[in-house]
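Report on the structure
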Number of protein chains: 2
Amino acid sequence: MGSEDLVNLALRRSIFYPSAEIYSNSPSGFWEFGPIGEAMRRKAIDFWRRELLQKESFLEIFGAQILPESVFRASGHLENFNDPIVQCRKCASLYRADKLIMDSSKELVPESISTAELDALIKKHEVKCPKCKSKDFATARKFNMMMPVSIGATGDVQCYLRPETCQSIFLDFDRIFKTCRAKLPLGIAQAGASFRNEIAPRNTLLRAREFGQMEVEIFFNPKKINSIERWGEVAEYKLNLMQLGKDVRAVSCADAVAKKILSGQLVAYYLARVQQLYEKYGVPLPKMRLRELADNERAFYAKEAWDFEVECSEGWVELIACNNRADYDLKGHAKESKKEIKVKEEGDSEAFIPHIFELSAGIDRTLYVLLDLAYKKEKRGPEERAYLDLNPKIAPYFSAVFPLVNKEGIDERAKALANELSQCGIDVLHDDRGSIGKRYARADEIGIPYAITLDFETLKDASATLRERSSMKQRRVKIAELPEALWKLQTGKSEF
Amino acid sequence: MGSEDLVNLALRRSIFYPSAEIYSNSPSGFWEFGPIGEAMRRKAIDFWRRELLQKESFLEIFGAQILPESVFRASGHLENFNDPIVQCRKCASLYRADKLIMDSSKELVPESISTAELDALIKKHEVKCPKCKSKDFATARKFNMMMPVSIGATGDVQCYLRPETCQSIFLDFDRIFKTCRAKLPLGIAQAGASFRNEIAPRNTLLRAREFGQMEVEIFFNPKKINSIERWGEVAEYKLNLMQLGKDVRAVSCADAVAKKILSGQLVAYYLARVQQLYEKYGVPLPKMRLRELADNERAFYAKEAWDFEVECSEGWVELIACNNRADYDLKGHAKESKKEIKVKEEGDSEAFIPHIFELSAGIDRTLYVLLDLAYKKEKRGPEERAYLDLNPKIAPYFSAVFPLVNKEGIDERAKALANELSQCGIDVLHDDRGSIGKRYARADEIGIPYAITLDFETLKDASATLRERSSMKQRRVKIAELPEALWKLQTGKSEF
């Protein structure tokens with residue numbers, strides 16, 4: 001069971017597939033989601049919204065994707081958001097220098113390495129061009145990964161597609177803080193697309209040029225980093241921490257703060273919420289870790305950074321960057337825009353710049369890893385079949401309704417049922433054709449938890465077969481009782 | 001009650017506001033949604049999804065926003081997606097030529113006018129530069145409104161931000177049709193951002209440079225335009241049709257087809273579904289019309305076009321472009337990509353290129369118009385107050401829970417209730433502060449249908465006050481019964 005099987009399934013059922021694939025010259029690193037994939041993608045975001053944002057009272061905004069250059073001068077992206085690239089002098093192929101060296105030498109190359117050091121490593125390891133085998137490379141150079149866009153008919157306003165969704169959160173903080181009558185700590189979130197001109201997009205959804213992020217920026221008073229209202233709820237909860245140069249250990253939040261592994265309760269609290277969120281998504285605890293980043297691995301704005309990683313068939317994949325950005329962002333924007341961005345708390349005499357702890361999650365990566373972990377191939381009924389053993393809340397549809405295909409008008413009954421279910425907030429797929437066994441297999445393959453089949457019995461007693469994906473168990477239910485039965489299953493008020 | 005009041009409310013409550021507003025040099029035409037606006041925006045899209053897509057069994061995809069140049073060569077946008085612009089020779093100000101003439105002369109200028117004709121009209125009406133009053137303009141020229149983006153480190157792949165979301169639908173049609181085992185007519189939908197480098201963005205959300213679209217492309221067999229399965233459901237339904245040069249008349253779908261006002265049942269059927277969708281959103285019938293576009297008003301790809309317009313305080317606003325694009329798009333992409341895109345139906349011997357009828361709705365425009373129509377200012381209690389008399393399904397939250405603010409731990413009870421409601425699929429806003437009257441007023445102002453207040457009585461009998469926004473009626477309900485009571489109100493299973 002590997003990623004190849006999953007990608008095959010994705011292409012066969014149009015869960016995800018390359019963008020503009022009918023054109024042979026389409027750039028790589030752009031993906032589309034078909035009906036099933038789009039439903040899953042939306043569910044994964046909704047889950048984050050319900051299980052993290054709502055429970056923590058975070059506020060969600062929706063900002064523009066194009067932002068003016070000043071924003072990225074202030075944020076440091078204009079100067080620092082670069083990838084080192086190197087070009088083969090013989091065949092003109094272009095590579096990300098650090099990846100090229102790592103692939104060829106297996107030596108770990110840190111993110112903050114200089115171009116001169118990269119040139120030296122290329123020489124030292126006698127790196128060859130993977131395409132033409134030449135060892136003759138031009139000197140490495142930095143390439144800014146943002147995508148510029150000119151706005152206005154004379155191209156007068158230089159803008160960029162945002163490389164991270166969080167910049168609008170920083171820009172909007174002052175307004176949201178005031179108009180929403182908020183107090184610190186305040187979490188502001190956003191889900192949407194970000195754009196990075198990657199040199200070498202790869203691994204389908206894991207490194208794309210246009211990709212989804214769901215980010216939370218938590219604004220807090222640095223003096224109160226150890227005064228967290230609901231600390232008691234997580235103090236004894238154990239984080240899978242992987243400190244620099246050490247193995248993963250389960251450490252309670254309280255211990256992690258007491259032993260100064262983490263800089264304060266606030267950091268421990270939200271790392272706990274991250275780990276708990278992914279437990280709820282359905283990721284087993286042993287497959288998660290919070291990996292501490294070394295100085296030269298951290299993004300340029302982070303003073304403390306933990307990558308939340310999940311192990312799947314692609315190895316350990318970073319799903320969330322948890323960064324203590326301190327006052328880097330608000331300070332930068334205040335300076336560049338010449339607007340004061342400060343907060344005064346009740347009883348305090350002095351205004352201060354809030355610090356920021358961020359939980360920056362990848363949407364497509366989360367979806368990919370959840371699919372990878374849910375992918376099972378085993379004997380189901382007479383033959384071996386692939387199916388997605390997915391958390392019902394991430395399934396593309398909560399139920400499928402299969403009509404009786406004859407001339408008696410039963411189709412209409414199935415449609416009416418499907419409509420009633422959807423009015424009750426239960427997602428439903430309908431009108432798939434084929435034999436019952438094939439329909440179940442096709443529904444299982446995309447992870448639909450419950451299937452409802454109308455058949456000849458239905459004509460006599462207005463009942464239907466309700467089947468559970470994971471157990472393949474079936475029971476007979478009156479059609480009139482199905483909306484409530486499914487609603488109870490969906491909200492966890494009953495079990496099958 | 002005018003748009004100024006609404007924009008004031010939007011800014012005061014951060015429903016929507018200009019993007020990157022702390023920077024004085026930010027380009028206009030970019031907007032952000034705060035927590036309340038974002039919730040409404042999401043609800044408006046979900047409503048479209050549930051009431052149109054789900055009921056019509058349309059499939060929804062999610063495509064990349066950046067597409068390669070070949071796509072727009074095939075689509076005709078490279079050649080035809082232009083605005084006429086004209087520059088003042090004295091002060092260098094730039095204008096959209098047709099708007100400048102219309103503003104100055106009140107003469108209607110058709111979309112397809114040539115630049116030479118525009119120059120002639122500028123002379124004829126002695127148009128002055130609004131800024132410096134000079135009459136000296138350079139000759140008008142066409143300006144392509146797409147935003148170019150270069151992909152790859154050497155800028156080798158020329159791409160564009162999509163000017164309409166539908167292009168990915170055309171590109172993906174062949175794959176979706178096959179892998180989803182679909183049959184014609186097949187509706188494929190997408191909701192997402194589009195980008196147009198407007199010369200003169202204006203009226204906040206009504207003409208922005210980055211804006212949301214929710215589009216449906218219906219692929220059909222042109223020979224079967226008069227064979228629609230559920231035709232009986234709409235045949236007698238009356239459309240508010242405004243034919244060229246005529247007043248609006250209510251015409252039944254059957255009559256519109258019989259009298260050849262519309263080209264076939266399929267067109268009438270989906271126009272009916274559009275009008276019904278907006279009836280459900282809460283728009284009164286007399287405020288809607290379907291306006292036929294003249295040859296020179298239609299987009300370059302449309303052979304038959306009806307604009308669905310709604311009257312609000314900004315006048316008649318186009319919310320949905322309903323275009324019969326015929327085989328224009330699939331033919332163009334098949335030719336440019338050299339891939340055959342054809343369909344063979346059961347029993348047919350020959351494959352054919354499906355035709356397309358599109359329902360292209362604006363998300364931000366829909367939201368703006370719904371807010372504008374819902375905005376009321378009237379005596380509510382002791383004073384005149386503004387409130388949004390919004391369809392509960394578009395309200396940012398279905399309910400607000402107000403805790404008792406004292407030291408008895410009641411806050412926790414409110415939080416537990418809010419969490420239980422949200423687990424039952426009921427959106428809830430909590431922890432607003434202030435007096436009861438002010439809280440109600442603030443909740444009414446953003447259109448929340450139901451408010452729950454915990455008070456000193458709650459301590460005795462575990463009950464709470466449930467208040468309805470529109471009627472301001474209140475009743476007492478046991479806290480334990482609230483989730484079911486609200487779920488019934490939300491799903492229409494009971495009334496207040």
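Our subject in this report is the structure included herewith. Residue numbering note: each chain is counted from 1, following its sequence as written. Chains and ligands are labelled sequentially in the order written, the chains with letters from A and the ligands with numbers from 1. Given that this is a predicted model, residues contribute local features only at a pLDDT of at least 70 and side-chain atom pairs are listed and counted only at 80 or more, while totals for whole chains, interfaces and linings are drawn from all residues. Side-chain numbers here rest on the full set of heavy atoms in the structure, without hydrogens or water.

Helices and strands together make up the secondary structure of chain A, namely 15 helices and 24 strands. The globule rule used here is 2.2 Å times the number of residues to the 0.38 power, and the radius of gyration it is set against is calculated over C-alpha atoms. Taken against the 2.2 N^0.38 rule, which gives 23 Å for 496 residues, the C-alpha radius of gyration of chain A at 26 Å falls within 12% of a compact globule. Principal-axis analysis of the C-alpha atoms places the extent of chain A at approximately 80 × 70 × 55 Å. Exposed residues in this analysis have more than 50% of their type's maximum accessible area, buried residues have under 20%, and partly exposed residues fall in between, with area computed by a 1.4 Å probe over protein chains only. Within the span of chain A, comprising 496 residues, buried residues form 60% of the whole. Counting from the N terminus, the helices are DSSP H or I runs at least four residues long and the strands are E runs at least two residues long.

Residue and element names in this part refer to chain B. The axes are straight lines fitted to the C-alpha atoms, using for helices just the contacting stretch, and the angles between their N-to-C directions are given from 0 to 180°. Where helix α2 (residues 35-54) contacts helix α9 (residues 265-281), the two axes come as close as 11 Å, and the packing angle between them is 130°. In terms of axis orientation, α2 runs oblique to α9. In the crossing of α2 with α9, the sense of the turn from one axis to the other is right-handed. In contact with A44, F47, W48, E51 and L52 of α2, α9 contributes R273, L277, K280 and Y281. When residues are grouped by polarity, Ala, Val, Leu, Ile, Met, Phe, Trp, Tyr, Cys and Pro land in nonpolar, Asp, Glu, Lys and Arg in charged, and all others, Gly among them, in polar. Class assignment for the residues of the contact of α2 with α9 results in six nonpolar, no polar and three charged. Each angle is binned into one of four classes, with values under 35 degrees roughly parallel, values over 145 roughly antiparallel, values of 65 to 115 roughly perpendicular, and all other values oblique. Take the far helix as the reference: if the near one is turned anticlockwise from it by less than a right angle, the crossing is left-handed, and if turned clockwise, right-handed. Contacts are residue-level and defined by heavy atoms, with any inter-residue pair within 4.5 Å sufficient.

Turning next to the relation of the copies chain B and chain A. What sets the superposition is a least-squares fit of C-alpha atoms, and only residues with pLDDT of at least 70 in both copies go into it. Once turned by 180° and shifted 0.0 Å along the axis, chain B lies on chain A with an RMSD of 0.1 Å. As the rotation angle and translation indicate, the two copies are arranged about a two-fold axis. Ranked by how close their C-alpha atoms come to the rotation axis, the residues of chain B are headed by V149 of chain B, at 3.1 Å. Same-surface contact between copies: 99% of interface residues of chain B are shared with the interface of chain A.

Here we take up the interface of chain B and chain A. At the interface, 95 residues of chain B touch 94 residues of chain A. Buried area adds together the accessible area that both of two parts lose upon being put together, with accessible area traced by a 1.4 Å probe. Looking only at chain B, the three residues that lose the most surface to chain A are I22, Y23 and F62 of chain B, adding up to 10% of its buried area. By convention in these notes, a salt bridge is any Lys or Arg side-chain nitrogen within 4 Å of a carboxyl oxygen on Asp or Glu. Counting across the interface, chain B meets chain A through four salt bridges. Measuring nitrogen to oxygen at the nearest pair gives 2.4 Å for the salt bridge that ties R175 of chain A to E21 of chain B. Counting of polar contacts relies on pairs of N or O atoms within 3.5 Å, with two restrictions inside protein: one atom must be capable of donating a hydrogen and the other of accepting it, and residues adjacent in sequence are counted only when both atoms are side-chain atoms. Here chain B is connected to chain A by 31 residue pairs in polar contact (both at pLDDT 80 or more). At eight residues, the largest contribution of residues to the side of chain B that touches chain A is made by α2 of chain B.

This part takes up the nonpolar core. W48 and Y278 of chain B are the most contacted members of the largest nonpolar core, which has 87 residues in total. Throughout, the edges of the domains are those of an automatic or database domain assignment. Shared between two domains, this core holds at least three residues of each, these being domain 1 (3-67 + 163-372) and domain 3 (397-491) of chain B. Among all residues touching Y278 of chain B, those that are not within four sequence positions of it are M214, V283, M288, F308, L319, I320, A361 and T366 of chain B. Only buried residues count toward a nonpolar core, which is a set of Ala, Val, Leu, Ile, Met, Phe, Trp, Tyr and Cys residues joined through side-chain atoms within 4.5 Å. Ranked by size, the runner-up nonpolar core spans 85 residues in total, among them L241, V267, C322 and A361 of chain A.

The full count for this structure, using the stated rule, is 82 salt bridges over all chains. Residue D327 of chain B pairs with K331 of chain B through a salt bridge whose shortest N-O separation is 3.7 Å. For D327 of chain B, a relative accessible area of 22% translates into the label partly exposed. Here K331 of chain B falls in the partly exposed class, since its relative accessible area comes to 48%. The network of salt bridges with shared partners includes E38, R41 and R42 of chain A together with D46, R49 and E60 of chain B.

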